Amino acid sequence: MNEVIHLINEMSPYLLLGFFIAGMMHAFIPQKYYSRFLSKPNFKSVLYATLFGIPLPLCSCGVIPTAMSLRKEGASKGAATAFLIATPQTGVDSIIATSSLMGWPFAILRPFAALITAIFGGSMVNTFNSETSASSPTPTIENKHCCCNHEHEHEHHEHEHEHEHEHEHEHHEHHSQKFSDKIKSALKYGFYDMMEDIGKWLVVGLVIAGLITVFVPAEAMSVFRGNTILSMLLVLVIAIPMYVCATGSIPIAVALILKGLTPGAGLVLLMAGPACNMASMLVVRKILGTKTLLIYLASIIVGSIAFGVLIDALQFGGTIDFVSQLSVNSNSCEDHNTWFSWVCTAILTLLLINALIISRLRGKSHSCEHECCHHQH
């Protein structure tokens, strides 16, 4: 039970951060940005989504609402998948922590592996999905009307230009009000709309991930020794469904490598553990479809094994000695329950209750009132 509570406390700050980022992106980034850079199912959209996601300090749960927000705003399936693969594996915090515990070679190869794997996965999703830019989930107003109302838009633009100076003073006068409205919109979208959409699947996935984390301890992976593909596959079987964030996976990987696991198998844990878990898999299947989920998992598996083999080749070929650069003080980054994590857990719980229970009760209440009024009439 203590392990489950610790797991929830560890995840809650990242989840709240992810929902907040999703809301801010929805409110402050114009929709035409997604339409222009991320909506087309091509290589550029996948690349932009990957580069955008790598430095963000979001874990495999915190990235879920942000990625789903990108999708709902018009990003292609490939771009959303690339963002889901790249973001949880890295982040400025985990890169710094990796360098301190595992040395700079690991710290450099880790985000590079995330970059290549995400681009591969996103490109495969675009290749095997017959999605077009016109079939994005939330097409922009410009796409809807650019052909049939071109003249009207031109006249409207001229009209706006004539009154630009007239409304400039009014714009500055109400600027702060508009900013506050955007903040309210961001909070509502991130902490209510997004939670209402994916909250149920998130809770189910986190419960399953928590049970797996409790009943499959990290020490169990230490038995998979040796430089073989089989050992990496066994690590994958345990790492994929189990929740572990990019930073939290580092001391586990260090401990396992020091016990005899190869550096390549350690990288498999660093990539596959943060990149997906039961929560992310359930949400990806619901929002992006089963085919995308299979490509998403295949990309992580193939990418992590490929780079694991590369690191072992560098290690045993004498090119780079990854093991000698490991820090024996792997417990220095061990997470502890703090008052901040408890506060985040309480806030997350209240928000989920509001989005999943109270909102449904309100909906049923309004529905009953409507039926009663209709029956009286």
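The coordinates are above.
Note that the coordinates shown come from a computational prediction; the quantities given were computed from them, not determined experimentally.

Student: How should the overall build of the chain be read in this particular structure?
Tutor: Assigned secondary structure in the chain consists of 17 helices and zero strands. When the 377 residues of the chain are sorted by exposure, 46% land in the buried category. The long-range fraction of contacts in the chain, counting pairs at least 24 apart against all pairs at least 6 apart in sequence, stands at 86%. Counting every atom, the chain has about 18800 Å² of accessible surface; 65% of that belongs to carbon and sulfur.

Student: For this particular structure, what's the right way to read the packing of aromatic side chains?
Tutor: Ring pairs (aromatic) are described by centroid distance and by the angle formed between their planes. All chains considered together, the criterion is met by six aromatic pairs. A ring pair is formed by F37 and Y48, whose centres lie 5.6 Å apart and whose planes are at 80°; its orientation type is edge-to-face. Note that F37 is positioned in helix 2 (residues 31-37) and Y48 in helix 3 (residues 43-53), a separation of 11 residues in sequence. When its relative accessible area of 28% is taken as the criterion, F37 is described as partly exposed. Under the relative-accessibility criterion, Y48 is labelled partly exposed at 33%. Taken together, a centroid distance of 6.0 Å and an interplanar angle of 85° make the contact between F112 and F307 edge-to-face. With F112 in helix 7 (residues 104-128) and F307 in helix 16 (residues 290-316), this residue pair connects regions lying 195 residues apart in the sequence. F307 gets classed as buried once you look at its relative accessible area, which sits at 10%.

Student: Got a minute to help me understand a nonpolar patch on the surface in this structure?
Tutor: Together, I229, L230, L233, L234 and V309 make up a nonpolar patch on the protein surface, roughly 400 Å² of accessible area in all. Examining the composition of the nonpolar patch, we find that four residues originate from one element, helix 12 (residues 229-239), more than from any other. Within the secondary structure, L230 is located in helix 12.

Student: Even after reading the chapter, I still don't get the side chain of T117, so can you show me in this structure?
Tutor: Here T117 shows up in helix 7. Among all residues touching T117, those that are not within four sequence positions of it are I85, M271, S299, I300, G303 and F307.

Student: Is there a simple way to explain the pattern of salt bridges in this structure?
Tutor: Counting across every chain of the model gives one salt bridge. With a closest N to O distance of 3.2 Å, K188 and D193 form a salt bridge.

Student: Can you help me understand the environment of L56 in this one?
Tutor: You can see L56 is positioned in the loop between helix 3 and helix 4 (63-72). In this structure, the C-alpha to C-alpha distance between L56 and A86, residues 30 residues apart in sequence, is 9.6 Å. Once residues lying within four places of it in the same chain are set aside, the contact partners of L56 are F83, T87, T90 and G91.

Rules and cut-offs
Along each chain, residue indices are assigned from 1 in the same order as the chain's sequence is written. For a predicted model such as this one, the threshold for reporting local features is a pLDDT of at least 70, and the threshold for listing and counting side-chain atom pairs is 80 or more; totals across whole chains, interfaces and linings nevertheless cover every residue. With hydrogens and water set aside, each side-chain value is computed from the structure's full complement of heavy atoms. A run of H or I in DSSP counts as a helix once it spans at least four residues, and a run of E counts as a strand once it spans at least two, with each numbered from the N terminus. The rule is simple: take the accessible area with a 1.4 Å probe, protein chains only, and divide by the maximum for that residue type; under 20% is buried, over 50% is exposed, in between is partly exposed. Any pair of residues with heavy atoms lying within 4.5 Å of one another is described as a contacting pair. For every accessible area listed, the method is Shrake-Rupley and the probe measures 1.4 Å; residues are considered covered only by the protein chains on display. The aromatic pairing rule takes the rings of Phe, Tyr and Trp, using the six-membered ring of Trp, and pairs them if the centres are within 6.5 Å, calling planes under 30 degrees apart stacked, those over 60 edge-to-face and the rest tilted. Candidates for patches are residues over 30% relative accessible area with no salt bridge; among them, like charges are joined within 9 Å and nonpolar side chains (Val, Leu, Ile, Met, Phe, Trp, Tyr) within 5 Å. Here a salt bridge means any side-chain nitrogen of Lys or Arg lying within 4 Å of a carboxyl oxygen belonging to Asp or Glu.

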